Structures are given as structure tokens and as C-alpha cells.
Amino acid sequence: MLSQFYESLRQVRGIAVLDGAQEIEPYRPDTGGATRYPSGVLRVTDVAAVPRILEAANTHGVPLWPISGGRNFGYGTAQAVKPGSVVVDLSPLKRIEIDTDAAVARIQPGVCQHDLEQAIARAGARLLVPTTGVGPNGNILGNALDGGYGLTPIVDHFEAVSELEGYWGNGKSFRHAYKDLRCSDLAERWRVGTGPYWGGLLRQGSFGVVTQATVQLARVPEDCRILIFEWASDACFEGSQTALNRIVEDIPGIGGIIMMNDFRILATQPDAPLSTSRRGVERVDFLSSEAARRKISSWTALGTLYGSRQAVKGAVRDIRRRVKGCRIWSFSTREVRLLQGLFKALPNRFFPSLRRHLGSLVNALGTVEGVPITAFLRIAYALEKNPRPLGISAHPARDGQGILWYAPLLPFTPQAVRCYREIMGEVLARHGFDALLAVTSRSPRVLSATIPLLFDPSNPEEVGRARDCYRDLVSSGLRRGWPPYRLGVDYMDLIGAEEGSEQSELHQRLKAALDPNNVIAPGRYSGVRH
């Protein structure tokens, strides 16, 4: 079956068939220790080759796993849900067009944050890259289609995708309905069109392959500020949640707010305090003492504000008035750069309170200004005893790092945040993992929580412990009514529909209509609970 499939594609222009062990090897490593290795790879350099691949896959019954960059660290990297799938690598497809008037980018699947940043600069446009923690090589379209988000003005990255083009699994093409009406400009500005909106089937879906998208980009505002909140205790932090969700609702220029506990902040420190060999209570005591020594608060939040100077000025004043029980710092990008130069010139004993936030502020500059940076990727290397410098090519999976991301959705309420801290802390302690807790505002009503499990992927015992803990976290969250907004390839069964349920039947009917031979990403967000 596979040999015939490959042979039918070897002479097709725009496809490189990689089926040798050495050729496939770069697609095998995974930060989560998954072993769902591909049977081969199709490296695509021409969009016109995609329908030929689908035709061959349907003829020979070969499952495909399309990737746009293969850097889905913590969720499977480049591996498929179904072992033995053929990876369709779209990363060479990097065409970009910037429309400064519409504030959009027309991109192919392989475009990463660094590519987009350079294209914006070449166009002389004042537009923000939708940055994420994976850094400059993080893929724009892949992140959006998998439900990614950030702290720039358009927080949910799929919400910024206004136009999609590509092919369903059955080989039929799709595009925005306004294109057929010769209303192309509005197709880029009004994503839902008129009538039923089918684009949502491609978000975390397994129905088709996207070959081009239009992404709406936020314009560089007149003013932007970085906000840092500090809470001295869990109780103070939880008590601020109602005020925080109100300001997220009331202040239109506020981006996402990421709130991290002290251990999560420690995981981002350049000297890698989490690399200590201490375990159990001794480890918790050591990390607590390190947080205290570094004057890291019980909880710290990073937020962003965008808008006109007067609007931002008024918003900062309003936030300080309404959010009680914490210390709030506010910095313009110019002030951060001045502090950076000042602290280099002054001895470390000067301005200790401000100095402890300098690293976060400098890193936040990239986020606020839409410039992709590698700093937030540091957490994947937090267990390394000799921290390495992270360049643009940093790749945790190939560098031998182990990380799984658990990411549940929570109600934006004090009660939910308290339960999250207590329940997840207990699960993590039971399995011997650090409580690296964070929550990010996704809307006035919903928080997206994230917990990284850090381990040695070369140690089978640690991999097994991480997998057990991950399943325990997801199950514990579901019992509280907290679904994961995103999952790793090994764990799709945890949210699958019950066999024979209406939800399962609906998915099967959609598959039958759009991908009848189930060749596109089998099992992706569609497992069945038996």
C-alpha cells in the first residue's frame, strides 16, 4: 500500500518523498515522549501538489498528518495521532503578501513569526506579529488552527484568520464564499461571510488541508504599556479575580493577562533553579526559599495595554483604582529601554524592586511590539543544569528536552482559581512534579490555564510518570468541569465523544461528507470513549 502510494507521487512536481530512516528521523523527536512515528514524509514545495497527494491517499487508503512547521512542542511536536501516518510537511510554502491598507497578511502554511516580521518590515508597515511563546520559528497558521493565543491585541489567533483556502479530504477545494461573489476585499475583512460559516471545521479539525490564509494584523497603536501586577499571597490573588475580569470586559485596549505563581516564574530564570536534584519536600522548600531570596511574589501577572495616549493613560489609572490587594507597575516601551540602560550602569544594589522585573519587562517588549523572541521558550529547558543560549533555531525536542503542556479552561472567578491551585497542586505533588501554575485571560468569562510537566524524555520511568500525571490532570480537571482547550497527540481519547452518541454521529457524518476515507489526521480531537 505505502510503496504504491509513494511511487505514484515520486514524479509529481513540488513533492519530495522521504521514506528512508535518516530522512524521517528529524520528524520523530517529541518533547512529550510520544512514539507515534511517521512511516514517511511528503515535503511539499508547490501548492498544486496538494490535490495530487489527496488523490493518492484516497486511492491507497493512506492516513496523512499535515504540519506547517512541526514545532507543536508539548502537544506532539511533528507526530501524528495515528501511528504510521505520512507527514505532509508544508513548511517550505512561505509566500507572504502584506496589505497595509487592510492590515492583513496573505500567507501560505509555512510562514513563521520571523518570516512575517521580516515581510512587515520590508513593506514598511506598522503592524504587529501575533507572537507566541514558541519563538521566532513558531508557525503563524499552525498555531491559529490549533487554537493558539497570545498577549497582543487579537488574543485568540484563530479569530484573526479571516479567509481560508485549501482542500477537503475528498479533494474538493474550499474558499471564502465572497470570492465567488467577486467580493475579495470583504472576504479578508469579514471572515464569517453571509450564511453558514464552515471555517470553524478547520480549527482543531481533521477535515481538510489549508494551503493559504489571510490573517488580520493589529496595527501598531499610538501608545502601549506593559503592566506588572504582584500579589503577596494566594488569598490576595484570588480576591482580585472579579476585578480583573471586569477590567478585561470594560477596557477595550487590554490584551491578554498572564498570571503566574512563584514557581512558574522560577522556571523562566536564566540560572535554572529548577535543575536542582532535590526531590519531595526538600525540593519544595528549596524552590520556596529561592523565590523568597529573589523577592518573587506569590503571584505575578504580565499584561499589555494598547490604544491612544489618553485612552491608555486613563486605563492605567482605572486599573489601579479597581484592582486592589496588589502592587501594580506600569511601563512604556521607552521607559523599559531607559531602565535597561540605567541598570547596566548602576551596581546591583540600586533599585532592587524594579531590577527583579527587568528580565520580564525586556521580554515583554517583544510581546508588546509584536516582535518574536526566544525568551519564553526557556521554560522547556528549565531542568538543564548548564543553561544554553537560545537562538532562533532552538528546538526543544531535538535538544532532548521533555515537556508536556496541560491547558484547561476555567471560569474567570475567584472560586475556580482557588480550586485550580489546590486541586492541580495536589495532583502534581502526588506524581512528583513542580506546581508551575499560570492562568491567562481569554475573555471576561474564561481563563486558559497552563501547566508544564518537565522531565527527562530519555528516561522511560520519567516519561511514564509524566504520562500518568497528564492523564490524572485531565481527568481531575474534567471532574471539575474544566475541559482542556488543547491536547497532546497521545491523549485525544480523554475528550472523545462516547461511542454511539449524537456527538460521535455528527462527526462521522461530517467526515463522510468531507473526508469519506478518513485520510486527514485520523483521531485528531475526535477520539471515541468506549
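Quick note: structure is the one above.
This text gives an overview of the structure that appears in the document.

Reading the values: rules and limits
Residues numbered from 1 in each chain as written. Predicted model: local features only at pLDDT ≥ 70, side-chain atom pairs only at ≥ 80, totals over all residues. Heavy atoms only, no water. Helix = DSSP H or I, 4+ residues; strand = E, 2+ residues; numbered from the N terminus. Rg over C-alpha atoms; globule rule 2.2 N^0.38 Å. Buried < 20%, exposed > 50% of the residue type's maximum accessible area, 1.4 Å probe, protein only. Phe/Tyr/Trp six-rings, centres within 6.5 Å; stacked < 30°, edge-to-face > 60°. Lys NZ or Arg CZ within 6 Å of the ring centre and 35° of its normal. Pairing = 2+ DSSP bridges. Contact = heavy atoms within 4.5 Å. Axes fitted to C-alpha atoms, helices over the stretch in contact; angles between N-to-C directions. Core = buried A, V, L, I, M, F, W, Y, C linked by side-chain atoms within 4.5 Å. Polar contact = N/O pair within 3.5 Å; in protein donor to acceptor, adjacent residues only side chain to side chain. Patch = residues over 30% accessible without salt bridge, like charges linked within 9 Å, V, L, I, M, F, W, Y side chains within 5 Å. Areas by Shrake-Rupley, 256 points an atom, 1.4 Å probe, with all protein chains shown as cover. Salt bridge = Lys/Arg side-chain N within 4 Å of Asp/Glu carboxyl O. Expected span 1.5 Å × (residues − 1). Arc of directions from axis to C-beta.

## Focus: the overall build of the protein
Part 1 of the argument: A count of helical and extended segments in the protein gives 18 helices and 19 strands.
Part 2 of the argument: Whereas a compact globule of 530 residues would reach a radius of gyration of roughly 24 Å, the protein reaches 23 Å, a difference of no more than 12%.
Part 3 of the argument: In terms of principal-axis extent, the alpha carbons of the protein reach across some 70 × 55 × 45 Å.
Part 4 of the argument: Residue burial in the protein is summarised as follows: out of 530 residues, 57% are buried.

## Quick look at the packing of aromatic side chains
Part 1 of the argument: Enumeration according to the criterion identifies 11 aromatic pairs in this entry.
Part 2 of the argument: Ring geometry for Trp231 and Phe237: centres 5.0 Å apart, planes at 75°, overall edge-to-face. Phe237 shares its class with Trp231; the two are buried.
Part 3 of the argument: Aromatic rings pair up to connect Phe229, Trp231, Phe237 and Trp299 into one cluster.
Part 4 of the argument: Note that Arg278 overlies the ring of Phe286, its terminal NZ or CZ placed 4.0 Å from the centroid.
Part 5 of the argument: Taking the ring centre of Tyr75 as reference, the NZ or CZ of Arg486 above it sits at 4.5 Å.

## What to know about the pairing of strand S14 (residues 402-411)
Part 1 of the argument: With eight of its 10 residues buried, S14 lies for the most part within the structure.
Part 2 of the argument: Judged from the eight bridges that link them, S14 and strand S16 (residues 446-455) form a sheet pairing that is antiparallel. Across the sheet, Gly402 pairs through a bridge with Phe455, a residue of S16.
Part 3 of the argument: As judged from the two bridges shared by S14 and strand S17 (residues 484-486), these two strands associate in the antiparallel manner. Counted as the bridge partner of Ala407 is Arg486 from S17.

## Regarding the side chain of Glu290
Part 1 of the argument: Relative to the helices and strands, Glu290 is located in helix H11 (residues 280-293).
Part 2 of the argument: Overall, the relative accessible area of 11% leaves Glu290 in the buried class.
Part 3 of the argument: Excluding anything up to four places from it in sequence, Glu290 contacts Leu266 and Pro273.

## Here we look at the environment of Ser288
Part 1 of the argument: Following the sequence through the fold, Ser288 ends up in helix H11.
Part 2 of the argument: Classification of Ser288 as partly exposed rests on a relative accessible area of 33%.
Part 3 of the argument: Once the C-alpha coordinates of Ser288 and Ser298 are considered, the two residues, 10 residues apart in sequence, prove to be 9.6 Å apart.

## Concerning the sheet that holds strand S10 (residues 223-231)
Part 1 of the argument: The eight strands are arranged S13-S10-S12-S11-S15-S16-S14-S17 in an open sheet whose pairing can be described as antiparallel. Looking at which strands have only one partner, the edges of the open sheet turn out to be strand S13 (327-332) and S17. When strand polarity is set aside, the average angle formed by the axes of neighbouring strands in this sheet is 25°.
Part 2 of the argument: Relative to strand S15 (residues 438-441), strand S11 (residues 254-261) is paired through three bridges, and the arrangement is antiparallel. Counterpart to Ile258 in the pairing with S15 is Thr440.
Part 3 of the argument: Sitting on the sheet, helix H9 (residues 241-250) is in contact with S10, S11, S15 and S16, with an inclination near 160° to S11.
Part 4 of the argument: With respect to the sheet, helix H16 (residues 414-431) is in contact with strand S12 (299-307), S14, S15 and S16, its orientation differing from that of S16 by roughly 15°.

## Some words on the sheet that holds strand S1 (residues 15-18)
Part 1 of the argument: Pairing is mixed across the open sheet formed by four strands, whose spatial order is S1-S2-S4-S3. Sheet topology places S1 and strand S3 (64-67) at the edges, where each strand pairs with a single neighbour. Strand after strand, the sheet turns through a mean of 20° between neighbouring axes, direction not considered.

## Observations regarding the nonpolar core
Part 1 of the argument: Within the largest apolar cluster, 87 residues are counted, with the highest numbers of intra-cluster contacts made by Phe5 and Ile319.
Part 2 of the argument: Those residues within four positions of Phe5 in sequence are excluded, and the remaining contacts are Leu42, Ile53, Ala56, Ala57, His60, Val62, Leu64 and Val86.
Part 3 of the argument: By size, the runner-up hydrophobic cluster in this structure holds 46 residues, among which are Leu151, Leu266, Tyr381 and Leu436.

## Observations concerning the environment of Arg283
Part 1 of the argument: One can find Arg283 in helix H11.
Part 2 of the argument: Between the C-alpha atom of Arg283 and that of Asp434, which follows or precedes it by 151 residues, the distance is 8.8 Å.
Part 3 of the argument: Filtering out sequence-adjacent residues up to four positions away, Arg283 remains in contact with Leu274, Thr276, Arg278, Leu383 and Asp434.
Part 4 of the argument: A distance of 2.8 Å separates a polar atom in the side chain of Arg283 from the backbone oxygen of Leu274.

## Remarks on a nonpolar patch on the surface
Part 1 of the argument: Judged by side-chain polarity, Leu186, Trp190, Val192 and Tyr197 come together as a nonpolar surface patch covering roughly 360 Å² of accessible area.
Part 2 of the argument: As for its placement among the helices and strands, Val192 is situated in the loop between helix H7 (184-189) and strand S9 (208-216).

## Focus on helix H18 (residues 502-514)
Part 1 of the argument: Look at H18: 18 Å from first C-alpha to last across 13 residues, which is about the 18 Å you get at 1.5 Å a residue.
Part 2 of the argument: Inspection of H18 places Ser504, Lys511 and Leu514 among the buried residues, and these make up the whole buried set. Buried residues of H18 fall within an arc of 110° about the axis and therefore sit on the same side. Of the residues in H18, the exposed ones pointing more than 90 degrees away from the buried face are Glu502, Arg509 and Ala513.

## Quick notes on the pattern of salt bridges
Part 1 of the argument: Summed over the entire model, instances satisfying the criterion amount to 40 salt bridges.
Part 2 of the argument: With its nearest N and O atoms 2.6 Å apart, the salt bridge here joins Asp115 to Lys94. With Asp115 in helix H4 (residues 113-123) and Lys94 in the loop between strand S4 (86-89) and strand S5 (96-99), the pair connects residues that are 21 residues apart, well separated along the chain.
Part 3 of the argument: A salt bridge links Asp234 to Arg421, with the shortest nitrogen-to-oxygen separation between them at 3.2 Å. One end of the pair, Asp234, is in helix H8 (residues 234-239); the other, Arg421, is in helix H16, with 187 residues separating them in the sequence.
Part 4 of the argument: What makes Asp234 partly exposed here is its relative accessible area of 25%.

## Section: the environment of Tyr525
Part 1 of the argument: Here Tyr525 is to be found in the loop between H18 and strand S19 (528-529).
Part 2 of the argument: With a relative accessible area of 17%, Tyr525 lands in the buried category.
Part 3 of the argument: Sequence separation between Tyr525 and Gly496 is 29 residues; the distance between their C-alpha atoms is 7.0 Å.
Part 4 of the argument: Discounting residues that sit within four places of it in the chain, Tyr525 has contacts with Asp146, Gln204, Arg486, Leu487, Met492 and Ile495.
Part 5 of the argument: For Tyr525, the side chain forms a polar contact with the main-chain nitrogen of Leu487, separated by 3.1 Å.

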